[in-house]
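So you can see what is in the structure, the chains are spelled out below.
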Amino acid sequence: MSASISGFSKLSKSKKIDWIVDTYFSNTEDAKRILKQYWNSNDKLQQLHDEFVENTITNYYLPLGVAPNFLINGKLYTIPMAIEESSVVAAASKSAKFWMDRGGFKAHVISTTKIGQVHFMYQGNPETLKNYFKHIKSQLIEAAKPITKNMEKRGGGIVDVELRDKTQDITGYYQLHAQFETQDAMGANFINSCLEQFAKTFKDEALNFDAFTAEESDIQIVMSILSNYVPDCLVRAEVSCKVEDLTDDKTISAEEFASKFIQAVNIAEVEPFRAVTHNKGIMNGIDAVVLATGNDFRAVEAGVHAYASRNGRYSSLSHAKIEHGIFTFWMEIPLALGTIGGLTGLHPLVKLSLELLHNPTAKELMQIVAVAGLAQNFAALRSLTTTGIQQGHMKMHLMNILNQFEATEAEKTTLVEYFKTQVVTHSAVVEAIHQLRIKNEK
Ligand code: HMG
């Protein structure tokens, strides 16, 4: 039976667990055992994880896989990927290996500007507001100096602040629209602190601006917050090769493969139902690296999908073409990532993942993440336009089905061998386990 509770956050971890299992589970001992089996035996490490979020009762594991052989701008990487879905790491690895032999991936950062806004309401004369903004702009930046001085030492800071009139959308609605450079930090805390200071200065100083009437000087701040839409924090990833070098698959010619591949991309460019799945495939690679490196995958997801809709229709993030016999496949995406701050210096596996990537700058990480997305998309499209997705995906998913049926190590060995020459489907695996167990009983 469900129940509400007051003061839950103040309970100890073990009392929280008692309340959860007593309230929601019939087998309380079993529920407790499952929760506790994920606790780390190292108390300090466990406490670190407990303190990442609130009301922690246990750890939720995701596998950390690695995809080797990524040649990016001439440098070799092994990319860490935290993901639960089978075949993603294998697909990235296969793509990496394929492109390593064809010059590798090229990537470059196009821009790194991030955005934050103070949303406010003002019902007076728009011209007087514009004059007030001109008058106050340098003071806004000056008042934020205690927050920006360290970032400025690292070459970042406030790039610009502008006043935006949004009264066509909502009566009386205006913004301070600010651009920031945050160097190797994702910058959310920095940006939000600057914005809250802008809002305070902007509101307080309005009371001293002579041209305002008493009513006009009462500016109503609604909120101050960064935007996760970062169309000017862009990275480009690309692969290219001669069309004739495009396949090592004997069942399809390179020209036919290139043409089908480009058709598949073109379909994702014009058809939103396909574009969403196409981009989901890209995000398989992107999210996995974003998670492994301790970055905010919700922010990345929201920003990337907004970018995919920037022309009014949700569309493919990647593009492909053939020009003068050269096949090129590329993608430009917005990525606000950090390699300092947040979890990057706290989570031991995040630190390890960053070290595995040669401790990249934020710009280098943007390139690596974009490449992981493009590689993933290449692998998925290659399968989709040749064998179909199920063959490879189910081959990788075999172990999950075997685990679902609690296959023993001996059964796994036999069945993995058997399915090297058979098509893996859920029902085929179930049938094979069944037959094997009948045979073993005899
Ligand atoms: P394969 O040709 O059967 O693999 O491909 P292989 O056994 O010949 O091995 C070739 C290479 O693949 C290996 O080289 C590895 O790099 C990699 P090696 O290490 O031997 O030198 N590889 C593996 N890496 C790690 N562990 C493994 C493993 N097996 C192969 N066990 C593969 C098999 C799955 C790679 C291929 O079929 C593939 O790329 N499929 C695409 C899978 C995919 O895209 N999965 C994502 C989930 S489906 C989805 O969510 C997205 C989608 O809807 C998006 C869209 O619609 O666009 C499809």
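Structural data are supplied above this passage.
Calculation rules
Residues numbered from 1 in each chain as written. Predicted model: local features only at pLDDT ≥ 70, side-chain atom pairs only at ≥ 80, totals over all residues. Heavy atoms only, no water. Phe/Tyr/Trp six-rings, centres within 6.5 Å; stacked < 30°, edge-to-face > 60°. Buried < 20%, exposed > 50% of the residue type's maximum accessible area, 1.4 Å probe, protein only. Lys NZ or Arg CZ within 6 Å of the ring centre and 35° of its normal. Patch = residues over 30% accessible without salt bridge, like charges linked within 9 Å, V, L, I, M, F, W, Y side chains within 5 Å. Areas by Shrake-Rupley, 256 points an atom, 1.4 Å probe, with all protein chains shown as cover. Salt bridge = Lys/Arg side-chain N within 4 Å of Asp/Glu carboxyl O. Helix = DSSP H or I, 4+ residues; strand = E, 2+ residues; numbered from the N terminus. Pairing = 2+ DSSP bridges. Axes fitted to C-alpha atoms, helices over the stretch in contact; angles between N-to-C directions. Contact = heavy atoms within 4.5 Å.

## Things to note about the packing of aromatic side chains
Piece 1. Counting across every chain of the model gives 24 aromatic pairs.
Piece 2. Look at Phe-98 and Trp-99: their rings are 5.2 Å apart centre to centre, the planes differ by 80°, and that puts the pair in the edge-to-face class. In this pair, the class of Phe-98 matches that of Trp-99, namely buried.
Piece 3. Every member of this aromatic cluster is reached through a ring pair, and the members are Phe-98, Trp-99, Phe-257, Phe-261, Phe-327, Phe-329 and Phe-378.
Piece 4. Across from the ring centre of Tyr-307, 3.8 Å away, lies the NZ or CZ of Arg-310, which sits over that ring.
Piece 5. The aromatic ring of Trp-330 is capped on one face by Lys-321, whose charged end is 5.4 Å from the ring centroid.

## Looking at a nonpolar patch on the surface
Piece 1. The grouping of Ile-34, Tyr-38 and Tyr-61 at the surface amounts to a nonpolar patch, some 290 Å² of accessible area in total.
Piece 2. Position of Tyr-38 relative to the elements: it lies in the loop between α2 (28-36) and α3 (43-50).
Piece 3. A residue is classified by how much of its surface remains accessible, and Tyr-38, at 31% relative accessible area, is partly exposed.

## Some details on the sheet that holds strand β6 (residues 173-181)
Piece 1. Taken together, four strands build an open sheet; the order of strands is β5-β6-β4-β7 and the sheet is antiparallel. Across the chains shown, the open sheet's two edge strands, defined by having one partner strand only, are β5 (157-165) and β7 (220-227). Neighbouring strand axes in the sheet, compared pairwise and without regard to direction, differ in orientation by 15° on average.
Piece 2. Judged from the eight bridges that link them, strand β4 (residues 114-121) and β6 form a sheet pairing that is antiparallel. Across the sheet, Gln-117 pairs through a bridge with His-177, a residue of β6.
Piece 3. Each of β4, β5, β6 and β7 touches helix α7 (residues 188-206); the most contacted strand, β7, lies at about 160° to it.

## A look at the pattern of salt bridges
Piece 1. Within the structure shown, the criterion is met by 17 salt bridges.
Piece 2. Between Lys-130 and Glu-127 there is a salt bridge; the shortest N-O distance is 3.1 Å. Here Lys-130 pairs with Glu-127, and both are found in helix α5 (residues 126-143), just three residues apart, close to one helical turn.
Piece 3. The closest approach of N and O atoms between Arg-236 and Glu-238, which form a salt bridge, is 2.7 Å.

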